[in-house]
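# Chain and residue survey
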Amino acid sequence: MTVTLADVAARARVSPATVSRVLNGNYPVAASTRERVLRAVDELDYVLNGPASSLAAATSDLVGILVNDIADPFFGIMAGAAQTEIGGQEGTGRAGGEKLAVVCNTGGSPERELTYLTLLQRQRAAAVILTGGALEDPDHIAAMTAKLSRLADAGTTVVLCGRPPLPGSDAVVASLAFDNRGGGRRLTEHLLTLGHRRIGYVAGPVERTTTRHRLEGHRAAMAAAGLGGDTAEQERLTVHGPYDRRSGYDATLELLRRDPELTAIVAANDTVALGACAALRDQGLRIPHDISVAGFDDLPFSVDAVPALTTVRLPLFEAGARAGRLAMGNEAPPPGGIASIAAELMARDSTAPPRA
């Protein structure tokens, strides 16, 4: 026999409305009453009818987390932290106000990103968290603006994590934007302080905001040192590619072909930097004795690389957790809806002064 909401209410000696409030987590309930209801749920093995309740409510218990590549620690760390906040941290086995977080892997495809948002809209998702850099394409930006507006109008909370604000959109509750420009500038300033002047740059995909902002920071530091005046030379010492190890390997070989006298290479992220290090070792070059290498993000493996990788730390776990709290309504949005998250230089053994 199916257990109903009324059965739970009778067992807990409360009204059906109170049971609904406890299970949906959308209204304050006294702690003793909440405990009594949850105990009745456990004893009767009651299962909330999610689809039915979502028809009665504005939204469901579903939260979508969109990532480019769940196998990339950059996205995995943020998604995992957000999921912990969304699903609840107590681990009681009870369902009382938590949400079901679903990670949607776009593979970097703008079409798939829009498709997932459509599917989440159909499911009346309570919230959507979009992670990582955005695609700088006018048509895609217009499509995203329209899609997020429809989601927000339906009651879905929209949070951007590690992504700059969406131009011309008021659908986003909060944008947690990493200071990629500042981090990129500090990283190159570190190399310049060590004495490097011939610096190659392995950049990410051309069309991504993260790529542009980090490269702008690098070039701003070079310009401030009097080394950024020649645009053609800047382009010659920059190679774009995906955010993966193979890209770092191939791009480093190309940079060495273009300028064999390079003394340092800055990589778009830590994974790309590992590929750069492998290419240099295969060419018989020592790091940092012959050439210095720096990455970005401070992913967990960076400190254990040999030599330990100089990089820029982004607080990925903290940002993901904050996005989860914002999605759940457990933290107030930042002033103006935008928060800039600082990037910290982590100087390690992979960078040193150039050889005399």
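Look up a bit, the structure's there.
What this report covers is the structure whose coordinates are included nearby.

Parameters and conventions
- Residues numbered from 1 in each chain as written.
- Predicted model: local features only at pLDDT ≥ 70, side-chain atom pairs only at ≥ 80, totals over all residues.
- Heavy atoms only, no water.
- Pairing = 2+ DSSP bridges.
- Helix = DSSP H or I, 4+ residues; strand = E, 2+ residues; numbered from the N terminus.
- Axes fitted to C-alpha atoms, helices over the stretch in contact; angles between N-to-C directions.
- Contact = heavy atoms within 4.5 Å.
- Expected span 1.5 Å × (residues − 1).
- Buried < 20%, exposed > 50% of the residue type's maximum accessible area, 1.4 Å probe, protein only.
- Parallel < 35°, antiparallel > 145°, perpendicular 65-115°, else oblique.
- Left-handed = near helix turned anticlockwise from the far one by under 90°.
- Nonpolar A, V, L, I, M, F, W, Y, C, P; charged D, E, K, R; others polar.
- Phe/Tyr/Trp six-rings, centres within 6.5 Å; stacked < 30°, edge-to-face > 60°.

This part takes up the sheet that holds strand 6 (residues 199-203). If you walk across this open sheet you meet the 4 strands as 7-6-8-9, and the pairing is parallel. The two strands at the open ends of the sheet, each matched to only one other strand, are strand 7 (238-240) and strand 9 (292-294). Across the sheet, the axes of successive neighbouring strands diverge by a mean angle of 15°, strand direction being ignored. One ladder, built from 3 bridges, connects strand 6 with strand 7; its direction is parallel. Residue pairing across strands places Tyr201 opposite Thr238, the latter belonging to strand 7. Sitting on the sheet, helix 11 (residues 245-258) touches strand 6, strand 7 and strand 8 (264-267), and the angle it makes with strand 6 is about 145°. Helix-sheet contacts for helix 12 (residues 270-282) involve strand 6, strand 8 and strand 9, and the interaxial angle to strand 9 is about 160°.

A few words now on helix 8 (residues 180-194). Between its first and last C-alpha, helix 8 extends 22 Å over 15 residues, near the 21 Å set by a 1.5 Å rise per residue. Looking only at helix 8, the buried set comprises Asn180, Gly182, Gly183, Gly184, Leu187, Thr188, His190, Leu191 and Leu192. Gly195 occupies a position one or two residues after helix 8 and carries a positive phi of about 115°.

Here helix 8 crosses helix 9 (residues 209-224) at 40°, and the two axes come no closer than 7 Å. On the basis of the axis angle, helix 8 is oblique to helix 9. Along this stretch, helix 8 crosses helix 9, giving a crossing that reads as right-handed. Contact residues: helix 8 offers Asn180, Arg181, Gly184, Arg185, Thr188, Glu189 and Leu192, while helix 9 offers Thr210, Arg212, His213, Arg214, Glu216, Gly217, His218, Ala220, Ala221, Met222 and Ala224. Among the residues forming the contact of helix 8 with helix 9, the class breakdown is 5 nonpolar, 7 polar and 6 charged.

By the definition in use, this model includes 2 aromatic pairs. Here Phe74 and Phe178 contribute two aromatic rings whose centre-to-centre distance is 6.3 Å and whose plane-to-plane angle is 70°, an arrangement assigned as edge-to-face. Here Phe74, found in helix 5 (residues 73-87), pairs with Phe178, found in strand 5 (residues 172-178); they are 104 residues apart in sequence, far enough to count as distant. Each of the two residues, Phe74 as well as Phe178, counts as buried. Joined through ring pairs, the aromatic side chains of Phe74, Phe75 and Phe178 make up one cluster.

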